[in-house]
Amino acid sequence: MTLGMYVCVGTNMVGERDSETAQLTVFERPTFLRRPINQVVLEEESLEFRCQVQGDPQPSVRWRKDDVDIPRGRYDVKFDKEDYLLRIKKASAGDEGTFTCVAENRVGKVEASATLTVRVQTLIPVKAVKIINGDGAGPNIRGAGEGKTASPYSTQTRTFHSQQQ
């Protein structure tokens, strides 16, 4: 059927009679035009998940993390042009999980999920580390003991020693 105004016309041998005008409205279940995608980020990086939906009436959209509604304050949730966004300004290990975009109207509900993996930079405990130019794939690293270095990569040969006490 086509959306619009309709009149029912009844006819018999006595004559013809029109009904009152009726409007036909067709509702549409929500569907995704864009689904959120899985992401892997480093700790402290920013990221955003996006989803785009259509439906009639226009669906309401909310975000969930690990099957729980997103807490206020930690995540920035907004509508931008046609996309519903969930932004994280500085990712941390606690942000890892499954984020779900939920779209719902009076005719139906749909969900689309994506996972977030946060890579945490680890400090290498060292007593002495010697970095030797490698084979092009990266430097060779040797070390053991105490102390910490966060960025052992270099194009030069360097030795780091901790002070013994």
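Residues numbered from 1 in each chain as written. Predicted model: local features only at pLDDT ≥ 70, side-chain atom pairs only at ≥ 80, totals over all residues. Heavy atoms only, no water.

J.: Is there a simple way to explain the sheet that holds strand β5 (residues 28-34) in this structure?
T.: In any sheet, the strands associate via hydrogen bonds between backbone groups, in a parallel or an antiparallel arrangement. Taken together, the four strands give an open sheet; going across it, the order is β5-β7-β11-β10, and neighbouring strands pair in antiparallel fashion. Strands with a single pairing partner mark the edges of an open sheet, and in this sheet they are β5 and β10 (76-80). Averaged over all adjacent pairs, the angle separating strand axes in this sheet is 25°, with direction ignored. In terms of strand pairing, strand β7 (residues 47-56) meets strand β11 (residues 83-88) through five bridges, oriented antiparallel. Bridge pairing in β11 links L47 to I88. (Pairing = 2+ DSSP bridges. Helix = DSSP H or I, 4+ residues; strand = E, 2+ residues; numbered from the N terminus. Axes fitted to C-alpha atoms, helices over the stretch in contact; angles between N-to-C directions.)

J.: Got a minute to help me understand the pattern of salt bridges in this structure?
T.: Where charged atoms from two side chains of opposite charge approach closely, those side chains can pair. For the structure on display, the rule yields 12 salt bridges. Of the charged contacts in the structure, one is a salt bridge between E44 and K90, with a shortest N-O distance of 3.8 Å. Taken together, the positions of E44 in the loop between β6 (39-42) and β7 and K90 in the loop between β11 and β12 (97-105) put the pair 46 residues apart, joining distant regions of the chain. On the basis of relative accessibility, which here comes to 52%, the residue K90 falls in the exposed class. Across the salt bridge formed by D69 and R64, the nearest N and O atoms sit 2.9 Å from each other. (Salt bridge = Lys/Arg side-chain N within 4 Å of Asp/Glu carboxyl O. Buried < 20%, exposed > 50% of the residue type's maximum accessible area, 1.4 Å probe, protein only.)

J.: What is the right way to look at the nonpolar core in this model?
T.: The nonpolar side chains of a soluble globular protein tend to be buried with one another. Among the nonpolar cores identified, the biggest contains 21 residues, and F49, W63, L86, I88, F99 and L116 are the most heavily contacted of them. Put simply, the parts of the chain that give this core at least two residues each are β7, β11, β12 and β13 (108-119). In terms of residue count, β13 provides more of this core than any other element does, five residues in total. Excluding residues within four positions of it along the chain, F99 makes contact with F49, R64, K65, I70, Y75, L86, I88, A112, S113, A114 and L116. (Core = buried A, V, L, I, M, F, W, Y, C linked by side-chain atoms within 4.5 Å. Contact = heavy atoms within 4.5 Å.)

J.: Just checking my understanding: could you explain the confidence of the model for the chain for this structure?
T.: For any part of a model where pLDDT is low, the fine detail of the predicted coordinates should not be relied upon. Of the residues in the chain, 73% have a pLDDT of 70 or more, and the chain-wide mean is 81. Taken element by element, the predicted model of the chain shows its lowest mean pLDDT in strand β17 (residues 148-149) (44) and its highest in β12 (98). pLDDT under 50 marks residues 145-165. Its contacts with residues more than four places away, or in other chains, come to 47 contacts. (pLDDT = per-residue confidence, 0-100.)

J.: Is there a simple way to think about unusual backbone geometry in this case?
T.: In most cases, non-glycine residues show a negative phi, while peptide bonds are predominantly trans. In this model, D56 is joined to P57 through a cis peptide bond whose omega is 5°. Counting through the fold element by element, P57 comes out in the loop between β7 and β8 (60-65). With a phi angle near 65°, D67 is a residue other than glycine that sits in the positive phi range. Looking at the secondary structure, you find D67 in the loop between β8 and β9 (68-69).

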